[in-house]
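# A closer look at the structure
Residue strings, one per chain:
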Amino acid sequence: MTLTVSIVGMGPRGVSMLAALCEVVATARRRVIINVIGEGEPGAGVHRTDQPDYFITNTVAGDISAFDPASRYVDGPSLAEWLDIAPDRYVSRAVLGNYMCFAYRTIVEKLTALGAVVSEYGATAVSLVPAGESACAVVLKDGRRICSSAVVVTTGHTGNLPSQEDCAREALVERHQGTNGRLRYFSSPLDWSALDDIAPDAAVGIEGLGLSSYDVVAQLTQGRGGQFDYLAYGDARYVPSGKEPQLTLFSRSGRLLRARGRRQKPLNQPHRPRYFTEHAISALRAQHGRLDFEHHVLPLLIRELQYAARRVGHFVSSADIQQLLFWENEHASGDIETFLQLDQDRASRGDIDDPFKRIADTLRDLRGLLREAVEFDGLSDASMQVFHDRFAPAINYLSGGGPWFRAAEWRALIDAGVLRVIAQPAECRATNSHADSFAITDRVHHHSIAQVDVLVRAMINRITPSTSNSPFLSALLEGGWATPYVMQDGRELGFLISRNGRLNPDQARVGVYALGPLTEGCHYFTNILGDPSGARLFDDARRVANDIHRTHQQGDSAIEQREYVG
């Protein structure tokens, strides 16, 4: 019998799945066909190779690899090795996309050498339908049907249908564009080229202070011909082109991501925990069952962070760490330049020499153990909701920032009069608005802060399956192939999966699986790349590959037994 595996979506998660299938192909007693389904360059995913070079990775090149170090069948260089550059360098995402395309081709060559047939379908999947007792068919937009024994969905971040607020913003633009020709609303930062339509004399509000805001700011400054001159001591000066609109950044929390520390820690040597360990988490689980993050997990995590700082000569109190994580008014004085300067100075000192950057780097190393504590109902329902609403964002603000030089660039933009950053919780609501512009208001005191002509929502939506704008994800729900993961308050957060990545664990013979951001709910922090020392991305792919292999071995045994008895 032939085993046919279809992978829907071919970015970094799809590449990791291909690599994991090498083991299946090498050990299977059958012909294996692998279908790669999706538009765009196979391997690159969201890291398109035609992106401008000012869109930068937020991970150093030495910490990125598409090749699983645990694989027995395929290996390859890290991104830094492939480029032959220092491991602490940051590169453009276009370069990363080219590297992922190289990895894809390398793995396909290996699969072919092992005897697999790899077929590419450069079309969008729109549905999934049954195709007999032990198969299903992926339906493509052009009408073709790809029969499959197993389907792995690795489509990454997909959009949602317009929300009520999106519709109100679009309606404001439609209603008042006759009196204000500069009015525009962009509901997603992903279509960066669309921002070229923004007039140079427009006032632009950028909603969101996360990683996506870096891209929007870069597109509207460097993308307009502006340049940074990098000075001594890590400072920068911005030389405007005169084509930049006025930019105002804001968010509902008012918190900025902290820049990553300059790399000092040796490559492939993550922090080795002493207190926040698998054994400690298991002991808590044995004592309490489902945990409460704030009362059971957080004290242990803080103790580990103190230990990490102490190992390199820093004393940091528990109160210091609590304040670092959860002080929501860290720059409430409004002096955002002072905050950026302080963060830049800390980042320049490095991820060992500066205690706060040491803590931030350790948090990144501890993500795997955090997953052990919280995933698959590891927390109570109430605590899981609080974790996703409060703790996960706080951890990300501290540890998930961009390169250290971003703080210097933003300070230079402020000095040049191009950028303003609102240093308190703010929002922009268009509902019931009769003005011919968008109003940014203080969330606490409700007074107006700024009026802007253009609003750019610089945030990536959480995946909510029932409101997804992806026909394929909608078809998974409608066909009974998948179920949303629902939090206590009724909000959806990705898909419900088994520990082996199955969307449909009750169906014994036809496996439908999901990897990556689609599973952010059962999983924690899935928006990651592989690294040379191994990563969650590779572990997840191996679990899916093993389940596919095991399921179809069992199926063969049952068929052989029925044929023998008959």
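Before reading further, recall that the structure is shown in the block above.
Here's what I pulled together on the structure shown here. Predicted model, so just to flag it, every value in this text is computed and none were measured. (Residues numbered from 1 in each chain as written. Predicted model: local features only at pLDDT ≥ 70, side-chain atom pairs only at ≥ 80, totals over all residues. Heavy atoms only, no water.)

## A few points about the environment of Thr-112
Assignment of secondary structure puts Thr-112 in helix α3 (residues 93-113). Thr-112 gets classed as partly exposed once you look at its relative accessible area, which sits at 45%. Taking the C-alpha atoms as reference points, Thr-112 and Cys-22, separated by 90 residues in sequence, lie 9.5 Å from one another. Separated by 2.9 Å, the side chain of Thr-112 and the backbone oxygen of Val-108 make a polar contact. (Helix = DSSP H or I, 4+ residues; strand = E, 2+ residues; numbered from the N terminus. Buried < 20%, exposed > 50% of the residue type's maximum accessible area, 1.4 Å probe, protein only. Polar contact = N/O pair within 3.5 Å; in protein donor to acceptor, adjacent residues only side chain to side chain.)

## As for the packing of helix α10 (residues 355-365) against helix α12 (residues 381-399)
Orientation of α10 relative to α12, taken along the N-to-C sense of each, is 125°, at an axis distance of 8 Å. The orientation of α10 with respect to α12, classified from their angle, is oblique. In this structure, the crossing between α10 and α12 has a hand that is left-handed. Contacts between α10 and α12 involve Ile-359, Ala-360, Leu-363 and Arg-364 on the former and, on the latter, Ile-395, Leu-398 and Ser-399. Along the lines of polarity and charge, the residues of the contact of α10 with α12 split into five nonpolar, one polar and one charged. (Axes fitted to C-alpha atoms, helices over the stretch in contact; angles between N-to-C directions. Parallel < 35°, antiparallel > 145°, perpendicular 65-115°, else oblique. Left-handed = near helix turned anticlockwise from the far one by under 90°. Contact = heavy atoms within 4.5 Å. Nonpolar A, V, L, I, M, F, W, Y, C, P; charged D, E, K, R; others polar.)

## Points about the pattern of salt bridges
Taken as a whole, this structure holds 32 salt bridges when the rule is applied. Between Arg-182 and Asp-453 there is a salt bridge, with its nearest N and O atoms 3.2 Å apart. One end of the pair, Arg-182, is in the loop between α4 (164-176) and β8 (184-186); the other, Asp-453, is in the loop between β16 (448-452) and β17 (454-457), with 271 residues separating them in the sequence. A salt bridge links Asp-389 to Arg-491; its shortest N-O distance comes to 2.7 Å. Pair noted here: Asp-389 is in helix α12 and Arg-491 is in the loop between β18 (484-486) and β19 (492-495), with a separation of 102 residues, a long-range link. Take Asp-389: its relative accessible area is 38%, and that puts it in the partly exposed class. Via salt bridges that share partners, Arg-13, Glu-375, Arg-536, Asp-540 and Arg-543 belong to a single interconnected network. (Salt bridge = Lys/Arg side-chain N within 4 Å of Asp/Glu carboxyl O.)

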